[in-house]
Amino acid sequence: MFYRSTVTDRPALSLPAIHASHGGCWLRDGFATRGVGKGDAIVAAADTPLLMLNAPLVASRLGYPDLSGLDLLELYAFIHPARFVVPTPKGLAHALDLDEPRGDDSVPLLLQQAAEALLAVCENDDWAEREGAWTGLQSLIRMRWPWASLLTQRIRKPAKAERWLFAKLPEWEEAAERPQPAQVVLGDASIATRLAELTGQDAETRPAQQDYAREAAKAFAPRSTQRQPHMVLAQAGTGTGKTFGYLAPASLWAEQSGGTVWVSTYTKALQRQLRRESRRAFPAERKGKPPVVVRKGRENYLCLLNLEDALQGGFGGRAAILAQLVARWAAYSQDGDMIGGDLPGWLGTLFRKRGIAALTDQRGECVYAGCPHYRKCFIERSARASAGAELVIANHALVMVNAARGRDAAQRPTRIVFDEGHHVFEAADSTFAAALTGAETIELRRWVIGPEAKSRGRRRGLAARLADVASYDEEGARAIAQAREAAEALPGDGWLARIVESTPSGPLEELLSAARALTYARDESGGQDAGYGLETEVAQLDGPFIEVAGRAQEALEALRKPLVRLGLRLEALIEDGPDWLDGPARARIEGARGAIGWRTDLLAGWIALLARLGGPGDPDFVDWVEVERSDGREWDVGLHRHYLDPMKPFANTVLAPAHGVMMTSATLRDGEDWDSAIARSGAPHIEVAPRLFAAESPFNYASQAEVLIVTDVAKGDIPALAAAYGRLIEASGGGALGLFTAIRRLRAVYGRIADRLARGGLPLFAQHVDPIDTGTLVDIFRDDPRASLLGTDALRDGVDVPGDSLRLVVMEQVPWPKPSILHRARRLAGGGQTYDDRIIRARLAQAFGRLIRSIGDKGHFVVLSAAFPSRLLSAFPPGTPIRRVTLDVALQSVAGSVSKPELTPSRPEGIS
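Residues numbered from 1 in each chain as written. Predicted model: local features only at pLDDT ≥ 70, side-chain atom pairs only at ≥ 80, totals over all residues. Heavy atoms only, no water.

S.K.: Sorry, what's going on with unusual backbone geometry here?
M.R.: It is generally the case that most residues other than glycine have a negative phi and that most peptide bonds are trans. Despite not being glycine, Ser502 has its phi angle at roughly 60°, a positive value. Locating Ser502 in the fold gives a position in the loop between α23 (495-500) and α24 (507-522). (Helix = DSSP H or I, 4+ residues; strand = E, 2+ residues; numbered from the N terminus.)

S.K.: Teacher, can you tell me more about the sheet that holds strand β15 (residues 621-630) here?
M.R.: Consider a sheet: its strands pair through backbone hydrogen bonds, and that pairing is either parallel or antiparallel. Pairing in this open sheet of four strands is antiparallel, and the strands run β13-β16-β15-β14 from one edge to the other. Unpaired on one side and paired on the other, β13 (434-437) and β14 (534-537) mark the two borders of the sheet. Averaged over all pairs of adjacent strands, the angle between strand axes in this sheet comes to 20°, irrespective of strand direction. Pairing analysis gives four bridges linking β14 to β15, with the strands arranged antiparallel. (Pairing = 2+ DSSP bridges. Axes fitted to C-alpha atoms, helices over the stretch in contact; angles between N-to-C directions.)

S.K.: Any chance you could explain the sheet that holds strand β20 (residues 736-739) here in plain terms?
M.R.: Overall, parallel pairing links the seven strands, which are arranged β21-β22-β20-β23-β24-β19-β25 in an open sheet. One side of each edge strand has no neighbouring strand; the edge strands of this open sheet are β21 (764-766) and β25 (882-885). Going from strand to strand, the sheet's axes swing by 20° on average, the running direction of each strand aside. When strand β23 (residues 808-811) meets strand β24 (residues 859-863), the two strands line up parallel, connected through four bridges. The residue bridging Leu808 from the neighbouring strand is His860, located in β24. Sitting on the sheet, helix α32 (residues 774-783) is in contact with β20, β21 and β22 (788-791), with an inclination near 150° to β22. (Contact = heavy atoms within 4.5 Å.)

S.K.: When you look at the packing of helix α13 (residues 304-314) against helix α14 (residues 318-330) in this model, what are you seeing that I'm missing?
M.R.: For any two helices packed against each other, the geometry is given by the interaxial angle and the distance between the axes. Where α13 contacts α14, the two axes come as close as 9 Å, and the packing angle between them is 135°. Compared by their axis directions, α13 and α14 come out oblique. Judged by the sense of rotation from one axis to the other, the crossing of α13 with α14 is left-handed. On the side of α13, the interface is formed by Leu307, Ala310 and Leu311, while α14 contributes Ala323, Gln324, Val326 and Ala327. Considering only residue class, the contact of α13 with α14 consists of six nonpolar, one polar and no charged. (Parallel < 35°, antiparallel > 145°, perpendicular 65-115°, else oblique. Left-handed = near helix turned anticlockwise from the far one by under 90°. Nonpolar A, V, L, I, M, F, W, Y, C, P; charged D, E, K, R; others polar.)

S.K.: Looking at this structure, how should I read the pairing of strand β19 (residues 705-710)?
M.R.: One face of the sheet, then the other: side chains in a regular strand alternate in exactly this way. Counting buried residues along β19, six of its six residues qualify, which places the element largely inside the surrounding structure. What you see with β19 is no split at all: Ala705, Val707 and Ile709 on one side and Glu706, Leu708 and Val710 on the other are buried throughout. Where β19 lies against β24, five bridges are found, and the strand directions are parallel. Residue pairing across strands places Ile709 opposite Val863, the latter belonging to β24. Bridge analysis of β19 against β25 gives four bridges, and the strand direction is parallel. Bridge pairing in β25 places Val707 opposite Ile882. (Buried < 20%, exposed > 50% of the residue type's maximum accessible area, 1.4 Å probe, protein only.)

S.K.: Can you walk me through the packing of aromatic side chains in this structure?
M.R.: The full count for this structure, using the stated rule, is 14 aromatic pairs. Ring geometry for Phe868 and Phe876: centres 6.4 Å apart, planes at 20°, overall stacked. Note on accessibility: Phe868 and Phe876 belong to one class, buried. Lying across the ring of Trp172, Arg384 places its NZ or CZ 3.9 Å from the centre. (Phe/Tyr/Trp six-rings, centres within 6.5 Å; stacked < 30°, edge-to-face > 60°. Lys NZ or Arg CZ within 6 Å of the ring centre and 35° of its normal.)

S.K.: Sorry, what's going on with the pairing of strand β11 (residues 391-395) here?
M.R.: Burial within β11 is extensive, with five of its five residues counted as buried. The side-chain alternation of β11 yields two buried faces, one formed by Leu391, Ile393 and Asn395 and the other by Val392 and Ala394. Examined bridge by bridge, strand β9 (residues 261-265) and β11 share five bridges and lie parallel to one another. Its bridge partner lying in β11, Thr265 is registered against Asn395.

S.K.: Sorry, what's going on with helix α6 (residues 133-142) here?
M.R.: Owing to its 3.6 residues per turn, the α-helix brings residues three or four apart onto one side. Residues of α6 that are buried include every one of Ala133, Gly136, Leu137, Ser139 and Leu140, and no others. Taken down its axis, α6 places every buried residue within 160° of arc, on the same side. Looking at the buried positions of α6, the neighbouring elements they touch are α3 (72-79), α7 (148-152) and α14. In the segment just after α6, Arg144 is the residue with positive phi, at about 60°. (Arc of directions from axis to C-beta.)

S.K.: Explanation requested: the confidence of the model for the protein chain in the structure shown.
M.R.: It should be kept in mind that the predicted coordinates are not to be read in detail where pLDDT is low. When pLDDT is averaged along the protein chain, the result is 90, and 95% of the positions lie at 70 or above. Considering each helix and strand of the protein chain separately, the mean pLDDT is smallest for strand β1 (residues 2-4), with a value of 35, and largest for α3, with 98. In this model, residues 1-7 is a region of pLDDT below 50 whose contacts with residues beyond four sequence positions or in other chains number 26 contacts. The low-confidence segment residues 900-912 (pLDDT under 50) makes 33 contacts with residues lying over four places distant or belonging to another chain. (pLDDT = per-residue confidence, 0-100.)

S.K.: Help me understand the pattern of salt bridges, please; the structure alone is not making it clear to me.
M.R.: Oppositely charged side chains may form a pair once their charged atoms are brought near each other. Summed over the entire model, instances satisfying the criterion amount to 47 salt bridges. In this structure, Glu215 engages Arg691 in a salt bridge whose closest nitrogen and oxygen atoms are separated by 2.6 Å. A residue pair is termed long-range when its members are at least 10 positions apart, and Glu215 in helix α10 (residues 207-216) and Arg691 in strand β18 (residues 691-695) qualify at 476 residues. Judged by its relative accessible area of 11%, Glu215 is buried. The partner of Asp493 in a salt bridge is Arg446, with the nearest N and O atoms 2.8 Å apart. Of this pair, Asp493 sits in the loop between α22 (474-486) and α23 while Arg446 sits in helix α19 (residues 438-449), and the two are 47 residues apart along the sequence. Exposure remark for Arg446: the relative accessible area of 26% places this residue in the partly exposed category. (Salt bridge = Lys/Arg side-chain N within 4 Å of Asp/Glu carboxyl O.)

Right under this line is the structure:
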């Protein structure tokens with residue numbers, strides 16, 4: 001089954017293997033590897049299953065979307081579920097302790113060796129993930145999974161039947177309610193001691209970090225006045241050590257007070273970093289329970305009921321194979337987190353349909369205690385663990401939602417550290433907005449009514465979820481029936497097609513149709529940028545539009561009223577429950593009451609939006625109508641309402657109930673000016689004067705970095721832009737992060753330079769092009785110092801790539817704000833050009849912050865824009881050299897500072 005390689009003397013599976021990159025295609029179909037054209041590669045792949053790594057990526061390189069074969073990533077996910085690997089030949093070699101391939105032509109042999117190494121694991125007595133493998137394999141055999149026949153020869157049948165996944169997952173336990181935290185004051189000496197423990201006794205003393213930790217402790221002092229939390233705004237330049245700086249007082253306070261500290265982030269990358277670094281501040285267990293818990297929204301976790309449905313026939317074809325691999329992972333997962341947790345980010349991208357999303361609770365259809373797996377639910381376990389945790393690592397949106405509509409007021413965060421604090425405004429803007437759109441209204445219809453016509457799945461409407469309540473409580477049954485009838489007025493399946501064809505059905509579809517017609521009537525783009533959405537302000541509306549809005553408002557009110565009554569009936573039922581209302585039933589009804597409360601609040605927001613259409617505008621809000629489009633295709637239509645200042649509801653909902661809040665970031669303030677940071681913290685809305693602290697970065701930017709503003713690449717000249725990117729990446733020998741403000745330009749540049757760079761041994765990856773999730777793209781980039789990565793806003797901050805893997809950042813142009821209706825209103829209220837400049841400087845500072853992450857880093861920050869105003873140069877750290885140069889001079893500077901042969905790759909998390 002295998003032969004000995006004369007090159008590396010490693011056993012290799014004797015099956016043909018293929019590797020394709022932008023540099024070419026290589027096929028190994030015997031004992032030799034040869035270069036082949038794309039046509040020959042496609043013919044070979046169609047004739048027989050080939051070994052490959054990341055089939056969708058290989059298919060993209062070949063231009064053959066129907067490619068299939070023996071994907072080593074699928075095999076790895078089966079044999080080592082919940083174990084990290086960078087999905088590249090090099091990453092696979094490291095994970096399996098094999099020799100790295102010397103070049104593309106060496107990859108097919110590596111694939112054969114890796115296949116044999118993985119299959120051999122199944123025969124080892126110490127295979128850590130053996131349990132459940134044989135049982136799962138039997139299902140995969142029936143699904144004709146390509147790897148099944150090879151695994152059958154290697155995995156022996158266990159002596160006794162293996163337990164079903166749902167039988168072996170542990171159950172969570174109810175816990176007594178925690179007492180109120182003790183009121184403690186942290187001393188400077190104890191903070192310094194704890195900080196030294198976290199950083200290590202041999203660590204270099206950093207006075208700025210010590211000052212930062214002492215200032216962070218002020219947020220944990222006892223509160224003296226209701227609705228007046230202690231607030232600390234702390235800017236800490238990159239390299240200050242802010243994570244340990246706030247974990248030191250946070251861990252001390254949690255330990256001494258018996259309370260919970262919430263640390264909130266904006267990016268999943270920082271969440272992963274915090275989970276890793278918190279291990280120094282907290283033990284793995286305390287009294288048999290984890291003191292650190294990661295919390296995310298429900299849509300991030302595996303839903304066991306969805307998985308069970310998928311395993312029992314709900315998924316077909318390739319999606320059914322994905323369900324089996326997820327089931328393997330679920331048995332070994334730390335917490336069931338499918339998005340940014342220990343499920344490999346690349347797994348879902350191996351399967352064409354959005355199978356991962358279908359296995360989570362994306363649509364709020366949880367039945368809580370009515371679920372047979374409720375006691376083993378990952379989501380419920382996480383929520384209960386956080387109630388007793390010392391540190392909860394969450395994200396900005398979850399903290400805000402939990403504060404606004406958390407089911408248990410006692411579990412709402414009262415001591416909060418907002419890391420990546422410069423994104424709190426953005427998160428609040430999204431959380432407290434209202435969107436009366438087709439997509440939102442049809443989801444509400446499905447939640448009330450349940451499945452209709454040929455709908456598949458387990459979704460159930462209100463009547464089915466609360467059948468026992470309806471049979472017991474006549475008034476509750478009447479409210480359910482009235483809500484069911486009123487929901488018929490909401491858009492149904494096929495709503496968008498009817499609106500486009502001007503044949504709407506019902507008052508809400510009529511409103512959306514009128515909104516779409518109004519938007520196109522007022523469009524002044526002349527058909528330009530057809531791939532982007534269109535919008536128009538809600539102003540100067542004619543009588544017919546207001547009449548349509550009035551009928552829609554009446555329809556929404558007709559739905560809201562019975563839902564309010566139903567919520568009151570459920571509340572009464574819980575307070576004075578019948579004999580059949582046991583613990584699980586009570587939990588299910590409490591969950592339904594919470595869900596109903598959320599929907600009635602949603603409806604109230606929509607009604608308020610429509611009620612103002614015929615009268616004067618509310619100065620607290622910005623309203624507009626939008627047709628949302630992507631790649632020239634319409635996908636949603638609706639009315640939108642955002643707070644002019646979203647920190648107003650944030651202050652009342654999150655800040656006022658809290659006892660201590662810290663907001664921290666490397667880019668919190670604008671230069672030396674704190675005014676914007678204070679305004680965007682929400683503090684003025686509750687009349688709190690926050691403490692202010694700033695620490696400069698310890699890096700020597702004068703010698704470590706240089707900003708080059710290239711003056712001879714014309715705006716809008718895509719060939720020139722692509723040529724500049726290609727030449728800069730070649731000059732740096734890879735290690736480049738390219739940032740774009742438009743996906744269209746990113747794709748155009750990538751298409752022009754990827755092949756050329758690959759032929760020079762410089763792999764190029766890109767968001768929105770490669771069929772790989774963003775987190776995995778960053779892992780690949782971090783692991784290979786000759787690779788480069790192109791991306792958009794998601795890569796502008798939250799990406800931590802220290803070392804030689806990132807030594808050049810290139811921005812295509814100045815990151816001007818998008819001229820939307822919402823931005824126009826805030827710009828007018830915020831000082832015009834001054835407001836824009838603050839936003840741009842913050843974006844530049846965040847992007848520049850990707851470049852220098854450690855004391856030994858060096859690199860260049862290049863902006864390809866002659867129109868770079870001098871007033872924006874203060875975005876860069878003091879002392880950073882800044883030059884306006886031609887492209888040729890920039891290339892000389894980049895090439896002159898790079899020592900390509902001595903590059904040492906940085907290792908991503910999980911690789912030793």
